[in-house]
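Single-letter residue listing:
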Amino acid sequence: MKNKTILIAGGAGYIGSHTCIELLKANYEVVVVDNLSNSSEESIKRVEVITDCKIPFYNEDIKDKRALHRIFQENKIDAVIHFAGYKSAGESIDLPLNYYSNNIGTTISLLKAMKETNCNKIVFSSSAAVYGNPKKLPIKEQTTLLALNPYAQSKLIIEQLLRDVHVSDNNLSIAILRYFNPIGAHNSGMIGESPLGIPNNLVPYISQVAAGKRKFVKVFGGDYNTVDGTGVRDFIHVVDLARGHVKALDSLWSMPKFLISNLGTGRGYSVLEVIKEFEKASGKNIPFTILPRRDGDVAESYSDPGFAEHEFGWRAEYDLKKMCKDAWYWQKLNPNGY
Ligand code: UD1
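These remarks concern the structure in this document. Computed from a predicted model, the values in this text were never measured in an experiment. (Residues numbered from 1 in each chain as written. Predicted model: local features only at pLDDT ≥ 70, side-chain atom pairs only at ≥ 80, totals over all residues. Heavy atoms only, no water.)

Brief notes about the site of the ligand
Around the ligand lies a shell of 16 residues, among which Leu202, Lys218, Arg233, Arg294 and Asp297 are the nearest. One of the side-chain N or O atoms of Arg233 is found 2.6 Å from an oxygen atom in the ligand. Alone, the ligand offers 740 Å² of accessible surface; in the complex the protein occludes 87% of this. The biggest single contributor to the shell around the ligand is strand 8 (residues 217–220), with 3 residues. Across the shell around the ligand, the residue classes tally to 7 nonpolar, 5 polar and 4 charged. (Near = heavy atom within 4 Å. Polar contact = N/O pair within 3.5 Å; in protein donor to acceptor, adjacent residues only side chain to side chain. Areas by Shrake-Rupley, 256 points an atom, 1.4 Å probe, with all protein chains shown as cover. Helix = DSSP H or I, 4+ residues; strand = E, 2+ residues; numbered from the N terminus. Nonpolar A, V, L, I, M, F, W, Y, C, P; charged D, E, K, R; others polar.)

Description of the packing of helix 7 (residues 202–210) against helix 9 (residues 271–282)
At a minimum axis distance of 11 Å, the contact between helix 7 and helix 9 shows a crossing angle of 40 degrees. On the basis of their axis angle, the class for helix 7 and helix 9 is oblique. The handedness of the crossing between helix 7 and helix 9 is right-handed. Where helix 7 approaches helix 9, its residues Leu202, Val203, Ile206, Ser207 and Ala210 are matched on the opposing element by Val271, Val274, Ile275, Phe278 and Ser282. Each residue belonging to the contact of helix 7 with helix 9 can be placed in one class, and the counts come to 8 nonpolar, 2 polar and no charged. (Axes fitted to C-alpha atoms, helices over the stretch in contact; angles between N-to-C directions. Parallel < 35°, antiparallel > 145°, perpendicular 65-115°, else oblique. Left-handed = near helix turned anticlockwise from the far one by under 90°. Contact = heavy atoms within 4.5 Å.)

Some words on helix 11 (residues 320–333)
For helix 11, which comprises 14 residues, the first-to-last C-alpha distance of 20 Å matches the rise-based estimate of 20 Å (1.5 Å per residue) to within 8%. Every buried residue of helix 11 is listed here: Leu320, Lys322, Met323, Cys324, Asp326, Ala327, Trp328, Trp330 and Gln331. (Expected span 1.5 Å × (residues − 1). Buried < 20%, exposed > 50% of the residue type's maximum accessible area, 1.4 Å probe, protein only.)

Concerning the nonpolar core
If you look at the biggest cluster of nonpolar residues, it comprises 37 residues, and the most contacted ones within it are Ile8, Leu23, Ile81, Leu249, Leu263 and Phe312. If you look at the next biggest cluster of nonpolar residues, it comprises 27 residues, including Leu7, Ile71, Met114 and Ile174. (Core = buried A, V, L, I, M, F, W, Y, C linked by side-chain atoms within 4.5 Å.)

With respect to unusual backbone geometry
Each neighbour pair has its own omega, and for Leu137 with Pro138 the value is -5 degrees, a cis peptide bond. Tracing the chain through its elements places Pro138 in the loop between strand 5 (121–127) and helix 6 (150–168). In this structure, Asn118 is a non-glycine residue whose phi angle is positive, near 55 degrees.

Topic: the sheet that holds strand 14 (residues 300–301)
Pairing in this open sheet of 3 strands is mixed, and the strands run 12-9-14 from one edge to the other. With one partner strand each, in any of the chains shown, strand 12 (269–270) and strand 14 form the two edges of the open sheet. Where strand 9 (residues 232–233) meets strand 14, 2 bridges bridge the pair, whose relative direction is parallel. Paired with Arg233 across the strands is Ser301, a residue of strand 14. (Pairing = 2+ DSSP bridges.)

Examining the side chain of Ser251
Relative to the assigned elements, Ser251 resides in the loop between helix 8 (238–250) and strand 11 (258–263). Beyond its immediate sequence surroundings of up to four residues, Ser251 is in contact with Lys257, Leu259 and Phe312.

Some points on the pattern of salt bridges
Enumeration according to the criterion identifies 17 salt bridges in this entry. Taking the shortest distance from any N to any O, the salt bridge between Glu48 and Lys54 comes out at 3.1 Å. On the accessibility criterion, Lys54 (69% relative accessible area) is exposed. Two residues, Lys280 and Glu277, come together in a salt bridge whose shortest N-O distance is 3.9 Å. Linking Lys280 with Glu277, this pair stays in helix 9, spanning 3 residues, or about one helical turn. (Salt bridge = Lys/Arg side-chain N within 4 Å of Asp/Glu carboxyl O.)

Digging into the packing of aromatic side chains
What describes a pair of aromatic rings is the distance from one ring centre to the other and the angle between the planes of the rings. Under the defined criterion, the tally for this structure stands at 5 aromatic pairs. Lying across the ring of Tyr205, Arg214 places its NZ or CZ 5.8 Å from the centre. The ring of Tyr318 is capped by Lys322, whose NZ or CZ atom sits 5.2 Å from the centre of that ring. (Phe/Tyr/Trp six-rings, centres within 6.5 Å; stacked < 30°, edge-to-face > 60°. Lys NZ or Arg CZ within 6 Å of the ring centre and 35° of its normal.)

If you want it as structure tokens, here you go:
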């Protein structure tokens, strides 16, 4: 039987590229479309080396209907995984129109192309940002939703849009995955997170301090009601996260369904705990300074990962030590990213 072909929208990015590897390992074929707005084609070339597979790659914006139509004509697409979106919560406050038009526009464009070609399975990248400031921990999927910025709101709107489309067409199978904090890299050290400019997220920043590219880590907030006063997050190895996509996708073939699942480890670590673990992994001293809280940050966030295990048999395997080890190996081999 011919392998199923998955269109990976945003497949050259951090999570997309790791997911391509796990899909290929699970005997899916992948086709990647990415406009390279926050990624590099080099990641795909490296995925080809790691997997020894050839990946059809389209440098296109999926909001371009003609380009997308051509991709669906040239390939028999059995399912879509949709990573193509802007992802900085802070930036979204300054550029709300960009976030709404891009994140929602890409989704509508994909859904229309899928409908035209009778492709009826999609996995969508959502975010734990949809939980806002959670009142109860660990966070379950039924927790009240609250978007604190346009980025999170765009994810919520898309979740609702997907629900509406599923109601209109019960044959459409949909998995919405709410990610906690992906970090780490593929253990080959060949692909990883490659932020442009000054990193917004914690671990890319720590990596650059360990590498001597930045002087110290700015720890945003030391007075939270947490284990040591710094923010607590559910950090998850990006390879675990990628495998979560494969498992969720696998579960869509048996019958049409609409599911929403957290992808996290279920365990929180503080900013200082991550810095300490990274010091061990890298053997470097990592200076830091405690600064005021960052606007929009919550004190503590970690998932209840039980639904993913129950629904599609996925659970994160890697611990913080492995996450830091792999992040550091990637940083060492690629001091300037791709
Ligand atoms: C952020 C986004 C979230 C998005 C996710 C994508 C915000 C408010 N949230 O999550 O919507 O889905 O990235 O990966 O931007 N920290 C420092 N110093 C730093 C950077 C971060 O102390 O230089 C702290 C933060 O205050 C926080 C923790 O580290 O307590 C994690 O921050 P970060 O890596 O930016 O992730 P989130 O803010 O949780």
